[in-house]
Amino acid sequence: MASDSEAMARPANLTLYSYYWSSCAHRVRIALNLKGLEYEYKAVNLSKGDQFDPEFEKINPLKFVPALVDGDVVVADSLAIILYLEDKYPQHPLLPQDLKKKAINLQVASIVSSSIQPLQSFFTRQFFEKRISLDEKLTSSQNHVNKGFAAIEKLIKEIAGKYATGDEVQLADVFLAPQIFAGVARFQIDMSLYPTLTRLNEAYAELPAFQAALPHRQPDAPSTS
């Protein structure tokens, strides 16, 4: 008979509602991969307005991705999803026991999810599409990303090891990798300004869990052929 902890860690039928280009969904894909959790991928095409489908609205009334269904539990918002996974599936813990390192991990996650990503998100950029020029939109996004990256660079440069807060992959890395990817691929951020983040990004490129979560490797990514 399985113990309570074993039963708790056994995955139910996990379903992730995702969009390949969403950095928020990208974070959750990394966390699921790190924890070795299999899941069904359900694409929500934000460009085509799938998020406004009444059936998806039942999953997430806010009409954003990602959303995770775990049996009878439905969780939306990337940070809430990852903290839920952390509590239910403790394999490969993403938060350290050390309180200082835990606080820094949570702070980095908050900077990315609250101070950077919302201000350069698909929906924010779409809102300003007809209000400002493409150059102004790019400059605005770059300003928000650079402000956040500068803060994170200062925050972690003394504590970083191979990864953001030491030599283990933790929550900060899960949030940083997609934001760095988006910063370079979408917003032409000059990463030479951030040597610590640049070094971390090189380390992420060696991790299968991170590579499998990349946008172009998702089932809804456009074909390159």
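Computed from a prediction, not measured in an experiment: that's the story for all the values here.

**Let's talk about the pairing of strand β1 (residues 14-18)**
Moving on, step 1. Of all five residues in β1, five are buried, a share of seventy percent or more.
Moving on, step 2. Residues Leu 14, Leu 16 and Ser 18 line one face of β1 and the alternating positions Thr 15 and Tyr 17 line the opposite face, and both faces are buried.
Moving on, step 3. With four bridges joining them, β1 and strand β3 (residues 67-70) adopt antiparallel strand pairing. Looking across to β3, one finds that Tyr 17 is bridged to Ala 67.
Moving on, step 4. Note that β1 and strand β2 (residues 40-43) share four bridges and pair parallel. What sits directly across from Thr 15, in β2, is Glu 40.
Moving on, step 5. As a crossover connection, the stretch from β1 through helix α2 (residues 23-34) into β2 is right-handed.

**Topic: the packing of α2 against helix α4 (residues 78-88)**
Moving on, step 1. Between α2 and α4, whose axes approach to 9 Å, the crossing angle comes to 10°. When the axes of α2 and α4 are compared, the pair comes out roughly parallel. Two secondary-structure elements touch here, α2 through Cys 24, Arg 27, Val 28, Ala 31 and Leu 32 and α4 through Ser 78, Ile 81, Ile 82 and Leu 85.
Moving on, step 2. Here the contact of α2 with α4 is built from residues that sort into seven nonpolar, one polar and one charged.

**Notes on the layout of surface pockets**
Moving on, step 1. Put simply, the second largest pocket is a space of about 160 Å³.
Moving on, step 2. Lining the second largest pocket, in full, are His 26, Ile 30, Ala 177, Ile 180, Phe 181, Val 184, Asn 201, Tyr 204, Ala 205, Phe 210, Gln 211 and Leu 214.
Moving on, step 3. Among the secondary structure elements, those contributing two or more residues to the lining of the second largest pocket are α2, α8 (171-185), α9 (195-204) and α10 (208-211).
Moving on, step 4. For the lining of the second largest pocket, the element with the highest residue contribution is α8, accounting for four residues.
Moving on, step 5. Considered class by class, the residues forming the lining of the second largest pocket number nine nonpolar, three polar and no charged.

**Describing the packing of aromatic side chains**
Moving on, step 1. Here the structure, examined in full by the defined rule, presents seven aromatic pairs.
Moving on, step 2. Taken together, a centroid distance of 6.5 Å and an interplanar angle of 5° make the contact between Tyr 163 and Tyr 204 stacked. Highlighted residues: Tyr 163 in the loop between α7 (134-156) and α8 and Tyr 204 in helix α9, separated in sequence by 41 residues. An identical accessibility class is assigned to Tyr 163 and Tyr 204; each is buried.
Moving on, step 3. Through pairs of rings, three or more aromatic residues link up here, namely Tyr 19, Tyr 20, Trp 21 and Phe 181.

Rules of the game
Residues numbered from 1 in each chain as written. Predicted model: local features only at pLDDT ≥ 70, side-chain atom pairs only at ≥ 80, totals over all residues. Heavy atoms only, no water. Buried < 20%, exposed > 50% of the residue type's maximum accessible area, 1.4 Å probe, protein only. Helix = DSSP H or I, 4+ residues; strand = E, 2+ residues; numbered from the N terminus. Pairing = 2+ DSSP bridges. Right-handed = clockwise from strand over helix to strand, strands pointing away. Axes fitted to C-alpha atoms, helices over the stretch in contact; angles between N-to-C directions. Parallel < 35°, antiparallel > 145°, perpendicular 65-115°, else oblique. Contact = heavy atoms within 4.5 Å. Nonpolar A, V, L, I, M, F, W, Y, C, P; charged D, E, K, R; others polar. 1 Å grid on protein atoms, 1.4 Å probe; cavity = no way out; pocket = protein on both sides within 12 Å on 5 of 7 lines; lining within 4 Å. Points joined across faces, edges and corners; volume = space filled by probe spheres on them. Phe/Tyr/Trp six-rings, centres within 6.5 Å; stacked < 30°, edge-to-face > 60°.

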